[in-house]
Amino acid sequence: TRLHRLLLTGAAGGLGKVLRERLQPYADVIRLSDIGTMAPAASAAEEVVPCDLADKQAVDALVAGCDAIVHLGGVSVERPFEEILEANIKGIFHLYEAARRHGVKRVVFASSNHVIGFYKQDEHIDASAARRPDGYYGLSKSFGEDVAQFYFDRYGIETVSIRIGSSFPEPLNRRMMSTWLSYRDLTTLIEKSLFTPGVKHTVVYGMSANRDVWWDNSAAAHLGFVPQDSSEVFRDKVEAQPSVAPTDPNAIYQGGAFTAQGPFGD
Ligand code: NAI
Ligand code: 15L
């Protein structure tokens, strides 16, 4: 299956740069957007459209003419609330309002494990577990998931909210042995999220086939996502790192260090 025009927000970011290449086969044109610097369009199959997600009118114009959206744009770490409010909270509202106005029927939302970050690492949860956001960032993603549910219930816009674990070239620490999502598996999961019919609002955990996982994806089985990679191949390298104290949030909580960041001096 193939789209005419796919919007990718957050295109200048770590995952956006990877997906700029890897999502190309799924659309005639990929519209790339970010507030940060992007490489110029490499061919007629790319459109580069700078946009601040906090600017409602700009987002409305950005979404016009697109068939589907992969929404990665926003603040991706814990930051003062006011920054998160503009990019993530207002940003996702503007995006869905534009989707409604322009008839976009499918969104893939980069949610985060930080919506459930206060569960402990010895707890096993599925998508129906009550959310336990671990900071302003996690709260904004939790709001984003609610926005996605609302726009489905009210307007029939379908979303897959992917609670991404840790998507980097390799797991960077012991916690990420459980949360790691390879770029290959991320790409497959986004493809499934774009093209599986009838997803309504589906919540799925974005993790590879790692040995010790905390999350159960059976509620998202209809996506047919079968991860191919595993953090296990990096185990020796990660375990050569200094050990983590049992009192360190990185050893206790699913959200790791995010649970102990902030409140930024106010
Ligand atoms: P990133 O920080 O590298 O990319 C995010 C992009 O959003 C940046 O290029 C930034 O300039 C852009 N952005 C920020 N504020 C903006 C605004 N007001 N208007 C327009 N663009 C704005 O993050 P990364 O790692 O590429 O993550 C992409 C998405 O996936 C983010 O939404 C992040 O929260 C989510 N995610 C990523 C995980 C990972 O392991 N990489 C884990 C969980 C979630
Ligand atoms: C996230 O949500 C962040 O965007 C990413 O930078 C990582 O820190 C990741 O979570 C993680 O929990 O490892």
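Before reading further, recall that the structure is shown in the block above.
Residues numbered from 1 in each chain as written. Chains lettered and ligands numbered in written order. Predicted model: local features only at pLDDT ≥ 70, side-chain atom pairs only at ≥ 80, totals over all residues.

Peer 1: Looking at this structure, how should I read the overall build of the protein chain?
Peer 2: Helix and strand counts for the protein chain stand at eight helices and nine strands. For the protein chain, the spread of C-alpha atoms along the principal axes amounts to about 50 × 45 × 35 Å. Buried residues in the protein chain amount to 45% of all 266 residues. Of the contacts made within the protein chain by residues no fewer than 6 positions apart, 67% connect residues no fewer than 24 positions apart. (Helix = DSSP H or I, 4+ residues; strand = E, 2+ residues; numbered from the N terminus. Buried ≥ 20, exposed ≤ 12 C-beta atoms within 10 Å, placed from the backbone. Contact = placed C-beta atoms within 7 Å.)

Peer 1: Just to check I follow, could you spell out the environment of Ser-182 for this structure?
Peer 2: The residue Ser-182 is located in the loop between helix H5 (176-179) and helix H6 (183-195) in this model. Sequence separation of Ser-182 and Ser-167 is 15 residues, and the distance between their C-alpha atoms is 5.9 Å. Leaving out residues up to four positions away in the same chain, Ser-182 has contacts with Ser-208 and Asp-229.

Peer 1: Where do I start with the site of ligand 1 in this structure?
Peer 2: Contacts to ligand 1 come from 25 residues, most closely from Gly-13, Leu-15, Ser-76, Ala-110 and Ile-164. Every element with two or more residues in the shell around ligand 1 is listed here: helix H1 (14-22), helix H3 (81-102) and strand S5 (106-112). (Near = placed C-beta within 6 Å.)

Peer 1: Mind showing me how you'd approach the pairing of strand S4 (residues 68-71) here?
Peer 2: Consecutive side chains of a regular strand alternate in pointing toward one face of the sheet and then the other. Of the two faces of S4, the one carrying Ala-68 and Val-70 and the one carrying Ile-69 and His-71 are both buried. As judged from the four bridges shared by strand S1 (residues 3-9) and S4, these two strands associate in the parallel manner. Across the sheet, the residue bridging to Leu-6 is Ala-68, located in S4. The parallel pair S4 and S5, bridged by H3, forms a crossover whose chirality is right-handed. (Pairing = 2+ DSSP bridges. Right-handed = clockwise from strand over helix to strand, strands pointing away.)

Peer 1: Hey, could you run me through the nonpolar core in this one?
Peer 2: A general tendency of soluble globular proteins is for nonpolar side chains to be buried together. Ranked by internal contacts, the top residues of the largest apolar core, which has 62 residues, are Leu-8, Val-63 and Ile-69. With sequence-adjacent residues up to four places away left out, Leu-8 is seen in contact with Gly-16, Leu-19, Arg-20, Leu-23, Ile-30, Arg-31, Leu-32, Ser-33, Val-70 and Leu-72. (Core = buried A, V, L, I, M, F, W, Y, C linked by C-beta atoms within 7 Å.)

Peer 1: When you look at the site of ligand 2 in this model, what are you seeing that I'm missing?
Peer 2: Every residue close to ligand 2 is listed here: Ser-76, Val-77, Ser-112, Asn-113, His-114, Ser-166, Met-176, Thr-179 and Gly-256. Residue composition of the shell around ligand 2, grouped by class: two nonpolar, seven polar and no charged. (Nonpolar A, V, L, I, M, F, W, Y, C, P; charged D, E, K, R; others polar.)

Peer 1: Looking at this structure, I do not really get H6. What am I missing?
Peer 2: Residues spaced three or four apart along an α-helix face the same direction, because each turn holds 3.6 residues. The first and last C-alpha atoms of H6 sit 18 Å apart over 13 residues, in line with the 18 Å expected at 1.5 Å per residue. If you check which residues of H6 are buried, you get Asp-185, Leu-186, Leu-189, Ile-190, Lys-192, Ser-193 and Leu-194. (Expected span 1.5 Å × (residues − 1).)

Peer 1: How should I be thinking about the packing of H3 against helix H4 (residues 136-155) in this particular structure?
Peer 2: The packing of two helices is summarised by the inter-axis angle and the distance between the axes. Viewed as axis vectors pointing N to C, H3 and H4 meet at an angle of 15°, and their least axial separation amounts to 10 Å. Judged on the interaxial angle alone, H4 and H3 are roughly parallel. By crossing handedness, the relation of H3 to H4 is classed as right-handed. Contacts between H3 and H4 involve Phe-81, Ile-84, Asn-88, Ile-89, Ile-92, Phe-93, Tyr-96 and Arg-100 from the first element and Tyr-136, Tyr-137, Ser-140, Phe-143, Gly-144, Val-147, Tyr-151 and Tyr-155 from the second. Looking at the contact of H3 with H4 residue by residue, the class counts come to 12 nonpolar, three polar and one charged. (Axes fitted to C-alpha atoms, helices over the stretch in contact; angles between N-to-C directions. Parallel < 35°, antiparallel > 145°, perpendicular 65-115°, else oblique. Left-handed = near helix turned anticlockwise from the far one by under 90°.)

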